[in-house]
Amino acid sequence: MTLARPEGDPTAVRVASALFFASGAAALVFEALWFRRAGLAFGNSIWASALVLSSFMTGMALGNALAARFAPRARAPLRAYVALELAIAVAGVALVAGLPALGPAFAPALAPLAPTPALLHAARFALAFVVLAVPATAMGATLPLLVHALRQRDADFGHLLGRLYGWNTLGAMVGAASTEALWIPLGGIVAAAAAAVALGAAAIAGALWLARAAPEAWSRVRESAAPSAALGAPLGARALRLLAAAALAGGVALAFEVVWFRVAIQYLPNSSAMFAWMLASVLGGIALGSLAASAAFRASPRFARLAPAVAAGAAGAAVLSHRAVPLLLAPLLDDLVAGGGMSGALNLGPSDAVLLCAVLMGPTCLASGALFTLLGHALERELASPARATGLLALANSAGAAVGPLVAGFGMLPALGVDASTAVLAAGYLGVAVLALDRASARAPAAVAAAASLALLATFPSGLHERSIARLLRAEFGANERIVAMREGIAGTAVVTAIGFEGATVGHRLVTDGYSMSGTVVGPRRYMRLFAFLPAAFHPHLERALLISFGVGTTAKALTDLDELAAIDVVDIAPEILALAPLVHPGPGANPLDDARVAVHVEDGRYFLQTARERYDLITAEPPPPAYAGVVNLYTEEYFALVRARLREGGIASYWLPATQMRPVDARAITRAFCAVFADCTLWEASAADWILLGSRGAKTRVDEARVRGLWSAARTGDALRDVGLEHPGQLGATYLAGAARLAEWTADTPPLVDLHPERAPAVVASWSRVPDELAWIEDARANAARFAADPWVGSLWPEPIVRESLAWFPLANATRHAMLTLEPTPRALARGLLAFVRGSDARAPVAWLFGSESRRLAAARALAAEGRTSAAIERELGIAALADRRFAEASERLREAALAEDAPAARTDALAAALALAFAGDARGADALARELGLDGADEASGAWSAARVALAP
């Protein structure tokens, strides 16, 4: 190559590095936006996401291939580079704006392919490839062109390649992190797209400066290392082996990324921001490895001989990192447990999260970045053409990267699990070492690294990942929960635990990727049943229903309990979760998926709505909270419009608003979006802080009183409602919080959550132990009752007798909420609650909630007692059951026995309850005597609560 400037031109190299840094940052910002927006068009199912990624990498490979052929002949490579960056910017903005429209546009063509997943996946891949072809191909061609423009002497190729690739990848790291941490929070999708354009413009400006600095030197470059004919010469055996090594290395690296993310997400919040941070960690390691290799090439030409050693070392590094993670987290886990446990996931601090990613991903990523540079240097020596070598190297690496995630996500993880997948992939790096070996290689370092890696693989501990998850869950949920099943699926790691009481199972919990997603204890059981039963109480006759997100199947079971439904579609993104349903619903006829009316669709809910042909009387959904990665698309105004479009006239939508897991401002943004679509929106408190948004498509038909009461008289629905504390129709009405007018006031100053502004989605926060001050209005039961009585939608649909009955239950709404929030009741809270429920109603279930119990624990205690089992815990539950049934004398005796047998704090509340039970029975003298026997005449809180209760109970 002839180049006017000699090697000593540090300014030009620095400018080139800086412009390629900006180019990499722009590329990753655009990529993050494209993948977000592609989810709106193709869905966020694991298949759709993987196919979009694969199509993008295929486009990159195409750009690499074109660059390998044509870049060596480019007479003005910097001008070509500028043209490519312009194409990326223009196409990037067009895709950000246009991708969401592709879903509705192509829905009619793709809908008939839904019954044949293979055809649907192929169509998605082809469509994504065509859409992403221009920017992806342009991105793939930039590195070979810039190498061609800057190459001076063959001896420096490794240094140049490592430097450019390193700075570009470092920019990509910044782009990945800044998209979620800076640009989207600042101004949503538009602000992020503007940032990408600005970064691309900076890259263009740098290229133009280089071109103007010395036009002949930087704009007119010819290959001199080989004649033109040699540029198209067939590849030799050595070059082919090196390209195979590059392809294998790219596939293993991207496959490892899938495995690493699966491991890390067990301990880190499953949010888009955290996924961006993990990706940035991978890119940062690769960048530093490449830059270190660049410096090593400049320091010593002997570094070029170490490719096999570095590849073999990567294998050992991956194994050591995997084994180090449990050791790293052990003291952190112990400290958190000692401090009271976690909530939802192991909440590592920022420094701990950085350390986790550095240990898990860092060493292998460093080796991967260095390996790319080493393989490129060796390939250039074979081809004598820097641009062609760079293009072919990137082509092979991108081709492997396109396949690697698919193999890991759809093959290895479901079939082998995390541990075995780690071992197989580590062995893959040993394969790279063999392919990279030649006569010039440094054999002693390679042999040592390979031997060490083989020793680590031979002693690889089986079941390490599973044991780590088990320990994490024990720390989180306690010794009374045990894992009954764990599935490594294509969508994630799903775990079902059994919640125990004295050896009996009283509930289950679903944990997905370290997050407690759902459960069958009374709180979740109540709100998930109401997703079905609440709309059923306002609709004259339901025929067809759609459930988006299966969870543990409680809502699906409630739907199958509605005999009137003729067809039920269940849509979920994760087949492994669906496969666990028999464990949560054992026994004949218990699993809702076995119901003949149920049709299961493994698909993204939003995509299903775009392509569905059916219309429904009821659409309900219980997706994860919107902070969960990829889920915000199921809470936006545009999504709710899709829901309404799939409803029949008069149909009703019920939707989860997990208020306990977001800030009030976030709840307002989602509510504003829902009410913008459903003008008759109402808000209901299904379970403490688990709220339901209800809206209809013009529902006007009044429901008969017999229809509403029929939900309680029918065997299955009646039992299910009473089981969760809804023993009368009026209790259902008293869960009302607000109608359209009040919700409009509440959300007036809050913009709605929309696709262009996902930053309005909430961050996960700790569950409520008390209602936040900003939401204190929900505790004004009198105002809630007045709004309910005046609500035009309720009044037009519900019969007057049910409305009147509901009004009588509103005074107990706050007591019900506080009872459901109770985990370890204080004596004063217990006394207030018992006075409210026992004296003011015939409600049974809230009495058990006041003690932190519920119907399934009570039933288990009865069954154990019938078997002859005895314990203080069983006696306590039997006492609670007797108190709920208003068998006061029995309750007092059993709770007395439990209090005398206990040495835990519950002994004081049980003593208080035992005395109160006698007082409720009208035996004031006996109650006072029992109180003295149990020590309720002291100065502690329990004694004070007893004194206050006696005053309240006085005639």
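Residues numbered from 1 in each chain as written. Predicted model: local features only at pLDDT ≥ 70, side-chain atom pairs only at ≥ 80, totals over all residues. Heavy atoms only, no water.

Asker: For the overall build of the protein, give the residues involved together with the corresponding values.
Answerer: Of regular secondary structure, the protein possesses 37 helices and twelve strands. Its C-alpha radius of gyration of 32 Å places the protein within 12% of the 30 Å reference for a compact globule of 955 residues. Overall size of the protein, expressed as C-alpha extent along the three principal axes, is 110 × 60 × 50 Å. Per-residue burial for the protein yields a buried fraction of 61% across its 955 residues. Pairs at least 24 apart in sequence give 78% of the contacts found in the protein among residues at least 6 apart. (Helix = DSSP H or I, 4+ residues; strand = E, 2+ residues; numbered from the N terminus. Rg over C-alpha atoms; globule rule 2.2 N^0.38 Å. Buried < 20%, exposed > 50% of the residue type's maximum accessible area, 1.4 Å probe, protein only. Contact = heavy atoms within 4.5 Å.)

Asker: Which residues make up the state of the cysteines, and what are the values?
Answerer: The final tally for this structure, using the stated rule, is one disulfide. The partner cysteine of C675 in its disulfide is C681, sulfur to sulfur 2.1 Å. Between C675 and C681, the S-S torsion sits near 110°, and that sign places the bridge as right-handed. Accessibility assignment for this pair places C675 and C681 in one class, buried. (Disulfide = S-S within 2.5 Å.)

Asker: Tell me about helix α11 (residues 350–383), and name the residues and values.
Answerer: Every α-helix winds through 3.6 residues per turn, so residues three or four apart in the chain are directed the same way. With 34 residues, α11 should cover 50 Å at 1.5 Å per step; its first-to-last C-alpha distance of 46 Å lies within 8% of that length. Of all the bends found along α11, the most pronounced is centred on M361 and spans about 50°, while P363, a proline, follows it within four residues. A384, located one to two residues past α11, shows a positive phi value of around 55°. (Expected span 1.5 Å × (residues − 1). Bend = angle between axes of the 7 residues up to and from the residue.)

Asker: So what's going on with the packing of aromatic side chains? Which residues, and what values?
Answerer: Tallied over the entire structure, the rule returns 29 aromatic pairs. Look at F256 and W260: their rings are 5.1 Å apart centre to centre, the planes differ by 15°, and that puts the pair in the stacked class. Taken together, the residues span about one helical turn, with F256 and W260 both in helix α8 (residues 237–264) at a distance of four residues. The exposure classification of F256 matches that of W260, with both residues buried. With a centroid separation of 5.3 Å and an interplanar angle of 85°, the aromatic rings of W684 and Y736 are classed as edge-to-face. Residue W684 is located in strand β10 (residues 682–687), and its partner Y736 is located in strand β12 (residues 736–738); the two are separated by 52 residues in the primary sequence. Across this residue pair, the class does not change: W684 and Y736 are buried. When the ring centre of F70 is taken as reference, the NZ or CZ atom of R69 above it lies at 5.9 Å. The residue whose ring lies beneath R509 is F477, and the NZ or CZ to ring-centre distance is 3.8 Å. (Phe/Tyr/Trp six-rings, centres within 6.5 Å; stacked < 30°, edge-to-face > 60°. Lys NZ or Arg CZ within 6 Å of the ring centre and 35° of its normal.)

Asker: Can you break down the sheet that holds strand β7 (residues 598–602) residue by residue, with the values?
Answerer: Pairing in this open sheet of eight strands is mixed, and the strands run β7-β6-β5-β8-β9-β11-β10-β12 from one edge to the other. The open sheet has two edge strands with one neighbour each: β7 and β12. Mean inter-strand twist for the sheet, computed between neighbouring axes without regard to direction, equals 20°. Direction of pairing for strand β9 (residues 647–658) relative to strand β11 (residues 690–696): antiparallel, over a ladder of seven bridges. Residue pairing in the sheet places A653 in a bridge with G695 of β11. Contacts from helix α26 (residues 781–790) reach β10 and β12, with the element oriented near 85° to β12. (Pairing = 2+ DSSP bridges. Axes fitted to C-alpha atoms, helices over the stretch in contact; angles between N-to-C directions.)

Asker: Break down the packing of helix α5 (residues 157–213) against helix α9 (residues 272–299) for me, citing the residues and quoting the values.
Answerer: With their axes 7 Å apart at the nearest point, α5 and α9 run at an angle of 165° to one another. Overall, the two elements α5 and α9 adopt an arrangement that is roughly antiparallel. When the axes of α5 and α9 are compared, the crossing they make is left-handed. Partitioning the contact of α5 with α9 into residue classes produces 17 nonpolar, nine polar and three charged. (Parallel < 35°, antiparallel > 145°, perpendicular 65-115°, else oblique. Left-handed = near helix turned anticlockwise from the far one by under 90°. Nonpolar A, V, L, I, M, F, W, Y, C, P; charged D, E, K, R; others polar.)

Asker: Tell me about the pattern of salt bridges, and please be specific about residues and values.
Answerer: One pass over the full model with this rule turns up 41 salt bridges. Between E745 and R742 there is a salt bridge, with the nearest N and O atoms lying 3.7 Å from each other. Here R742 and E745 lie together in helix α25 (residues 740–746), a separation of three residues that amounts to about one turn. Taking the shortest distance from any N to any O, the salt bridge between R817 and E779 comes out at 3.2 Å. Separated by 38 residues along the polypeptide, R817 in helix α29 (residues 813–821) and E779 in the loop between α25 and α26 bring together distant segments of the chain. For E779, a relative accessible area of 27% corresponds to the partly exposed category. Via salt bridges that share partners, R844, E875, D885, R887, E890 and R894 belong to a single interconnected network. (Salt bridge = Lys/Arg side-chain N within 4 Å of Asp/Glu carboxyl O.)

Asker: Any details on a nonpolar patch on the surface? Residues and values, ideally.
Answerer: A cluster of nonpolar side chains, L62, L66 and F70, forms an exposed patch at the surface whose accessible area comes to about 260 Å². Residue placement: L62 occurs in helix α2 (residues 46–70). (Patch = residues over 30% accessible without salt bridge, like charges linked within 9 Å, V, L, I, M, F, W, Y side chains within 5 Å. Areas by Shrake-Rupley, 256 points an atom, 1.4 Å probe, with all protein chains shown as cover.)

Asker: Give a description of the side chain of T497 that names residues and reports values.
Answerer: Tracing the backbone shows T497 in strand β2 (residues 493–501). On the basis of relative accessible area, T497 is assigned to the buried category, the value being 1%. Side chain to side chain, T497 and E481 meet in a polar contact 2.7 Å long. (Polar contact = N/O pair within 3.5 Å; in protein donor to acceptor, adjacent residues only side chain to side chain.)

Asker: Account for unusual backbone geometry, naming residues and giving values.
Answerer: One non-glycine residue, A384, lies in the positive phi region at around 55°. When you line up the elements, A384 lands in the loop between α11 and α12 (386–436). In this model, D513 sits at a positive phi of 50°, which is unusual for a non-glycine residue. On the secondary structure map, D513 appears in the loop between β3 (504–512) and β4 (515–519). With relative accessibility at 9%, the residue D513 sits in the buried group.

Asker: If you had to explain the side chain of S321 to someone new, which residues and values would you point to?
Answerer: Structurally, S321 is set in helix α10 (residues 307–338). Setting aside residues up to four positions removed in sequence, S321 forms contacts with V359, L360 and P363.

Asker: A description of the pairing of β4 should follow, citing residues and the corresponding values.
Answerer: By the criterion of burial, β4 is predominantly enclosed, with five of the five residues buried. Here β3 runs beside β4; their pairing, made up of four bridges, is antiparallel. What sits directly across from L510, in β4, is S518. The turn joining β3 and β4, which pair antiparallel and follow one another in sequence, is formed by two residues; a positive phi near 50° is taken by D513.

Asker: Tell me about the pairing of β9, and please be specific about residues and values.
Answerer: For β9, a buried count of ten out of twelve residues is recorded, marking the element as mostly surrounded by other parts of the structure. Looking at chain direction, strand β8 (residues 616–621) and β9 are connected through five bridges and run parallel. What sits directly across from A621, in β9, is Y655.

Asker: An account of the sheet that holds strand β1 (residues 481–488) is needed here, citing residue identities and associated values.
Answerer: Read from one edge of the open sheet, four strands run β1-β2-β3-β4, paired in antiparallel fashion. Both edges of this open sheet fall to β1 and β4, since each of them pairs with a single strand only. Going from strand to strand, the sheet's axes swing by 30° on average, the running direction of each strand aside. Along the sheet, helix α14 (residues 464–477) contacts β1, β2, β3 and β4; its crossing angle with β1, the most-contacted strand, is approximately 140°.

Asker: How would you summarise the environment of R646 if you had to cite specific residues and measurements?
Answerer: By the secondary structure assignment, R646 is in the loop between α20 (637–645) and β9. Under the relative-accessibility criterion, R646 is labelled buried at 12%. Filtering out sequence-adjacent residues up to four positions away, R646 remains in contact with L609, A612, R613, E614, R615, Y616 and I619. For R646, the side chain forms a polar contact with the main-chain oxygen of A612, separated by 3.0 Å.

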